[in-house]
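Examination of the molecular architecture
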Amino acid sequence: MTTWFRRGGFSTFLFLLPLIVVFGVFSWFPIVRAAVMSVQQTNLVTAPRFVGLDNFRTVFEDPLLWTAVQNTAWFALIALVLGYPVPLVLAVIMSEVRRFRGLYTAIAYLPVVVPPVVAVLMWKVFYDARPEGVFNTILGWFGLGPFQWLQSATTAMPALVLEATWAAAGGTVIIYLAALVAVPHELYEAAEVDGAGLWRKVWHVTMPQLRGVLLVTLILQIISTSQVFLEPFLFTGGGPANSTLTVLLLIYEYAFASSLGGDYGAATALSLMLAVFLAALSALYFWLTRSWSTS
Amino acid sequence: MTSNRRTAAALAAAAAVAGLLAGCSGSSQQPDGGPVQISVVSLKPGSEQSAFDAFEEQVRQFEAANPGIDVTSQEYEWTGPTFTAQLAGGTLPTVFTVPFTDGQGLIERGQLADISSYVEGFGYTDRFNDTVLRAGQSEDGQIFGVPTAAYGVGLHYNRTLFAQAGLDPSRPPATWDDVRTYARQIAERTGQAGYAQMTQENTGGWMLTSLTYALGGRMQSTQGADVEATVDNRYAEQALGLLRDMRWTDNSMGSNFLYDWGTINQDFAAGRIGMYMGGSDVYESLVQQNNINPDDYGLAVLPLAPGAEAGLLGGGTLAAVNVRATPEQQEAAARWIDFYYMSKYLREDAAVLDARTNADADQPVGLPELPIFDRATLDRYNTWIQPFVNVPLAQMSSFTEGIFEQDLAGEPPAHAQEMYAVLDSVVQSVLTDPNADARGLLATADAEIQTILDRG
Amino acid sequence: MSTPTRTRPPAPRTPAAAPPPASGRRRGRAAEPVVRGIVSPSEWRTPRVRTGLGLTQVVLLAALVVVSLGPMAWLVKAALTPTQDTLRDPMAFFPNGVDWANLSTAWTSVHIDLHFANSMIVAVGAWLVQLVVATTGGYALSVLRPRYGPVLYWLVLSTLFVPAVVLLVPLYLTVLSPPLLGASLINTFWAVWLPAGANAFNVLLAKRFFDNLPGEIFEAARIDGAGPLRVFWSVLLPMSRPILGVISVFAFVAAWKDFLWPLLVLPDPDLQPLSVRLPTLASSIELDILLAALMISALIPVVLFLVFQRTFLRTAGLGGALKG
């Protein structure tokens, strides 16, 4: 013990103390607690009761679970179709800008800087479904609409994705730009020697070089879209008719929506299920990135 | 040597961090012999400054009369999620308010303090309207919540839009067919929503229940201790049919079908809604939060279908005391409830003081209320505050004259808020999907609600 | 925790350290027209490519301006017009003149100053906690290397696989009654700051960066008689500016954008940051005032961004380099 102290073991421990305390109290302890709570029933007033897998059963028997899973998958899918290629195309074109590239990136990045809550509240005004609404007025100039936007079960989710993409695309553009700049120009020169034109260079040199980044952003996007909360919470509250109820919103509702006290057991049970799914994705991500960094 | 000193310094730093951590937790112990400190709910977020000023003036009056009590206030608006979070978080103030629907559930879960002994000391427990008082009583008659206000659902309408649409603002609709006709006329002639409906945060279920009651149906039936969901009834179907016709046939409901209590009030005050159903006590909030032009406002009784079954849904607010409060705080809290919410109905000096304070701050005085004691007590109170009345009572005469003719029915007895939450999406479906199958939706909802009721 | 790619990446691919400072510089140079891209200099000279590409770029710029700046410009306009203008003809250009009073009304009725200050306090505190945890922890794990270090590091890294959402409820309950402390952290800024510190990604970044610093320097300092604290403060930290910058930007941006967590743990309106307060008030204040409040709330970070544009974009790109 004394030698441990004299060798500086104690001061090392002191350096680790912030990490141990913060992770211990706010990460490891809650993780264990989540596992325990998922098999308990607790309302914070009476002592928790062990209920086995009842919480999981409650969640599985809730018809809203499947609605929420479908909605979340739907959100992720539209976000992918809409939000995945756009930043890539933007970045490829922007990487060829010779003058004022800074202007392009700054403008593209600007929406990312707007606080998400402000963006959502602003877009809520844009989505006014009257013919006099902002978007409906603009589309009216071209003889389109008026659209129902958030006021219809079919258009509400795409409307949410549209805003989310607007708010996030700039960040992805910057990532792609960084990756594009890192593509060794010798590869292009070699392709040119082989007589490759512009499109073939993009297709056969740029894309393969971006493969890593593209896969990683893909997985990251799926991970973050499966946790979407802010948009449905602030735009529609999950409506109309539960058409934008996402998994995280359902967790929130289990835990906090009933005014008589939440069902924390069901909330953690559903959280754990989502976590298993996300952990699998994270593991995939980790494995992919690691295999590339070593190759 | 140096390294030892370093270690000591690091240790001291760590201790300082720990100290900070401990210090930040803000313990609320009162020093012995000092004043009793209680926190009370004040007004809704976003209320006018003058309203908050009037409230603080009343706090000062209370503190002057009760030198041993120190009152702090915090803004408050009851909504399901915020209330749960505060309940779980232990951040509810000493005195807070909850709707009648939640009284029983909170009492059963041991979340409210038993304040019987203090309230009985004020000497008016036997004068309460029995059905009203029951909302705040446990099965064995102990008082956990004091009814402070009762409302009936009314029909709010915009007189200016009525006039613009060629309707007589002093003759609000008397039947639901009238409501539909008027709504269409308003929508056609003014371009605003003729009629609008709340659909979010349990208000959709609340208002569907109101409409169903008004048409003659009920959402739950009680046999002994068993409660059965009866959501799937023909009156509810008729209610949804009416909404569907106004929305899809007449197109008279505007373009927003995701209203909650706050946003529908906001749009009504902004002159974008001709008529909507809501608690009869909304005007105060329309003034304080939404800055409504008083000339626009009209309040009518809700049309009830002919027949003995049709009833008016009524509810109210309970003032309750945090179960975590010390006995001293509980007593002080009960005094505040007596001072701020109750005594004005029973003592002329209190009524006049309250009315004058509010009138001086340009806050609404004299709104129509339903009796929490008996009708005579309420009438007497209304004569006391007569000189200070500053709300357009004439524009609410349909309600004030008609309300006492109507059969008042309480909200569904069990899990009302959870039932309302399920019904929200039914109403949203009908209003956003032209092909929604009202009957099927009600049947599904009925089964879901039965599951909730069976779970207990 | 909401939209595509807004969340922080769980882990970097390359040793973060690889050379962040160098890569930053390289990127800086890349922006200059010296380095070629996909299009070769000879292709640039052909008129077809030149006009085609030039036209594409002009169209792109126009599209970016409309899509990115358009909503902001509209917000500025709408914030300065009466509600009825926005409701009746939202796209008309100041049909009834400018209503400057909206701004001052919004500032006072929403208490923007108070909530903006709260946003700053939340962000700065979270940033400090994250820096302290990441640097002290990274230093101990990378340089001091206690025997239990690998286990600890593994425990930290394993939390990368646990998404934040699982912790929502148990963490909330932990903040209500934290072990060791005994008193609830609800309605204190610590409830936001401390959980932010439990960020494995930061620890990983810091440790990998420190791993790649030349070990001889620490050895030399130790031989000169410097204790661990001295090495940490006077040797390690000065060499770590790049990685501190990265952690700082991530920490600050994440704290600035967070919504759900502060909504849960800061119910007291006087403590709420702007992002939590605005939705509450949205349903009670008039539309023109709300829009003015939104504009002011958006303007502050936008101006900060324009001023510190280079740092921001470089770090965002660096984040990308780390992600990829």
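Residues numbered from 1 in each chain as written. Chains lettered and ligands numbered in written order. Predicted model: local features only at pLDDT ≥ 70, side-chain atom pairs only at ≥ 80, totals over all residues.

1. As for the overall build of chain C
Along its length, chain C carries 17 helices and 0 strands. Within chain C, buried positions represent 49% of all 324 residues. Across chain C, contacts joining residues at least 24 apart in sequence account for 77% of those joining residues at least 6 apart. (Helix = DSSP H or I, 4+ residues; strand = E, 2+ residues; numbered from the N terminus. Buried ≥ 20, exposed ≤ 12 C-beta atoms within 10 Å, placed from the backbone. Contact = placed C-beta atoms within 7 Å.)

2. Quick notes on the domain arrangement of chain B
Residues and elements named next belong to chain B. In terms of domain boundaries, chain B breaks down into domain 1 (8–151 + 315–388) and domain 2 (153–314 + 403–454). Once you take the C-alpha centre of each, domain 1 and domain 2 turn out to be 30 Å apart. Taken together, the 21 residues of domain 1 in the interface contact 18 residues of domain 2. Put simply, the parts of the chain that give the side of domain 1 that touches domain 2 at least two residues each are α4 (100–108) and β4 (145–158). Class assignment for the residues of the side of domain 1 that touches domain 2 results in 10 nonpolar, 8 polar and 3 charged. (Domains from an automatic or database assignment. Nonpolar A, V, L, I, M, F, W, Y, C, P; charged D, E, K, R; others polar.)

3. A short note on the pairing of strand β7 (residues 226–229) of chain B
Residue and element names in this part refer to chain B. The pairing of strand β6 (residues 220–223) with β7 spans 4 bridges and is antiparallel. Opposite Ser221, over in β7, you have Glu228 as the bridge partner. Hairpin connection between β6 and β7: a loop of 2 residues separates the two successive antiparallel strands, and Gly224 in this loop has a positive phi of roughly 60°. (Pairing = 2+ DSSP bridges.)

4. Re the packing of helix α5 (residues 101–109) of chain C against helix α16 (residues 287–307) of chain C
Residues and elements named next belong to chain C. For the pair α5 and α16, the least separation of the axes is 8 Å and the interaxial angle reads 80°. What the angle tells us is that α5 and α16 run roughly perpendicular. Between α5 and α16, the contacting residues are Asn102, Leu103, Thr105, Ala106, Trp107 and Ser109 on the first element and Asp288, Ile289, Ala292, Ala293 and Ile296 on the second. (Axes fitted to C-alpha atoms, helices over the stretch in contact; angles between N-to-C directions. Parallel < 35°, antiparallel > 145°, perpendicular 65-115°, else oblique.)

5. Quick look at helix α8 (residues 176–190) of chain B
Residues and elements named next belong to chain B. Here α8 is 15 residues long and its end C-alpha atoms lie 21 Å apart, about the 21 Å a rise of 1.5 Å per residue gives. Taken residue by residue, α8 has Val179, Arg180, Tyr182, Ala183, Arg184, Ile186, Ala187 and Thr190 as its buried positions. Buried residues along α8 sit against α7 (159–164), β5 (193–196), α10 (234–249) and β8 (273–279). (Expected span 1.5 Å × (residues − 1).)

6. Here we look at the packing of α8(B) against α10(B)
Residue and element names in this part refer to chain B. Where α8 meets α10, the axes come as close as 10 Å, and the angle between the chain directions of the two elements is 15°. Of the possible angle classes, the one that applies to α8 and α10 is roughly parallel. The crossing of α8 and α10 is right-handed. Contacts between α8 and α10 involve Trp176, Arg180 and Ala183 from the former and Leu242, Asp245 and Met246 from the latter. (Left-handed = near helix turned anticlockwise from the far one by under 90°.)

7. What about the interface of chain C and chain A?
If you look at the interface, chain C gives 97 residues, while chain A gives 102 residues. Ranked by the residues each element gives to the side of chain C that touches chain A, the list is headed by helix α3 (residues 47–79) of chain C, at 13 residues. In the side of chain C that touches chain A, the residues fall into 67 nonpolar, 21 polar and 9 charged.

8. Section: unusual backbone geometry
For residues that are not glycine, phi is negative in most cases, and the peptide bond is trans in most cases. For the bond from Gly239(A) to Pro240(A), the omega torsion is -15°, close enough to zero to count as cis. Here Pro240(A) shows up in the loop between α12 (230–236) and α13 (247–256). A positive phi angle is found at Asn242(A), which is not glycine, with a value near 65°. Position of Asn242(A) among the secondary structure elements: in the loop between α12 and α13. Under the C-beta neighbour-count criterion, Asn242(A) is labelled buried, with 21 such atoms within 10 Å. One non-glycine residue, Asn202(B), lies in positive phi territory at about 75°. Looking at the secondary structure, you find Asn202(B) in the loop between β5 and α9 (203–215).

9. Concerning the environment of Val89(A)
Residue and element names in this part refer to chain A. Summarising the element assignment, Val89 is placed in helix α5 (residues 85–95). On the neighbour-count criterion, Val89 (12 C-beta atoms within 10 Å) is exposed. Sequence separation between Val89 and Ala280 is 191 residues, and the spatial gap between their C-alpha atoms is 29 Å.

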